[in-house]
Structure formats: structure tokens, C-alpha cells
Amino acid sequence: QVRLVESGGGLVQAGASLRLSCAHSGRTFSSSALGWFRQAPEKEREFVSAISGTGGNTYYADSVKGRFTISRDNGKNTVYLEMSSLKPEDTAVYYCAARPTYIPSTFRGAYPYWGQGTQVTVSS
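Residues numbered from 1 in each chain as written. Predicted model: local features only at pLDDT ≥ 70, side-chain atom pairs only at ≥ 80, totals over all residues. Heavy atoms only, no water.

Visitor: How should the nonpolar core be read in this particular structure?
Guide: Generally speaking, a soluble globular protein has its nonpolar side chains buried in company with each other. Judged by nonpolar contacts, the single largest core of 30 residues is most densely connected at Trp36, Phe68, Val79, Leu81, Met83 and Tyr94. Those elements giving two or more residues to this core turn out to be β3 (18–24), β4 (33–39), β5 (46–51), β7 (68–73), β8 (78–83), β9 (92–99) and β11 (118–123). Residue contributions to this core peak at five residues, all from β9. Excluding residues within four positions of it along the chain, Leu81 makes contact with Leu18, Arg19, Leu20, Trp36, Val48, Ser49, Phe68, Thr69, Ile70 and Tyr94. (Core = buried A, V, L, I, M, F, W, Y, C linked by side-chain atoms within 4.5 Å. Buried < 20%, exposed > 50% of the residue type's maximum accessible area, 1.4 Å probe, protein only. Helix = DSSP H or I, 4+ residues; strand = E, 2+ residues; numbered from the N terminus. Contact = heavy atoms within 4.5 Å.)

Dropping the structure here:
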């Protein structure tokens, strides 16, 4: 069974930076693709970023491209989301997700494992 635990959320002002972390408890981390999704109040959960099992391929939503960076440390079983130039519209609960294949996906239904989420609030 895979357990994902996010951390690093908080309240920041517009323009600030945050780094989210997601610790993966399973033995399959190095062969799993990881994704970050977010859900704002009264909105659908949306794709933010994803990274392949090897870390060689990364994907971003247009809304965060150039501001967010996803990375992974297979030695620490952890995936990161570096967020910079944060905007109020980035306010959401951010979820980490994993799928037991090297190939990432932008579709939330492709991920069977999810964390509990971490709140990011950006004030104007």
C-alpha cells in the first residue's frame, strides 16, 4: 500500500515562494510517476504538474508554467513542487498523487494514490 504525505503549505503574500514536499511510503517510488493537483473552493480538482518515474520528463499546466518546478529525490522517496511568483489565484489545497508506472498523466483519474492535501493561501 502506498501512503503519500504532503507538507509545506501555508499563508504567503503575492509574489512569494513556497516549496511543497510529498513523502511516499511505498517501495515502488522510483518506478512511479508523481503528480501535483490542486482544488480551490467550489472548483474541480485540476492538474498542476507531473514528473516521470526517472525524473526525466516533466509537465506543467499552462497557468503555472515558468513559475512552478517539480522535482523528485528517489533516494528520499520525496517529490517536490517549488512555487514562485505566487498569485492569489494559486490559492487551493494541493494534493500529491502517484501511479505505479513510469509514465505520468495529466488526468486525475490515472492516479490511484493520493495524499491528504496541504493548504496554500496567497494573499493579495
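What follows picks up the thread again.
Visitor: Honestly, the pattern of salt bridges in this entry has me stumped. Any pointers?
Guide: Oppositely charged side chains can form a pair if their charged atoms are brought close together. Under the counting rule described, the total for this entry stands at six salt bridges. One salt bridge in this structure joins Arg19 and Glu82, with 4.0 Å as the shortest N-O distance. Residue Arg19 is located in strand β3, and its partner Glu82 is located in strand β8; the two are separated by 63 residues in the primary sequence. Given the relative accessible area of 44%, Arg19 is considered partly exposed. The exposure class assigned to Glu82 is partly exposed, which follows from its relative accessible area of 36%. Note that Arg108 is salt-bridged to Glu44, the shortest N-O span being 3.0 Å. Taken together, the residues Arg108 in the loop between β9 and β10 (113–114) and Glu44 in the loop between β4 and β5 connect sequence positions 64 residues apart. (Salt bridge = Lys/Arg side-chain N within 4 Å of Asp/Glu carboxyl O.)

Functional significance is not addressed by these values, which are geometric in nature.
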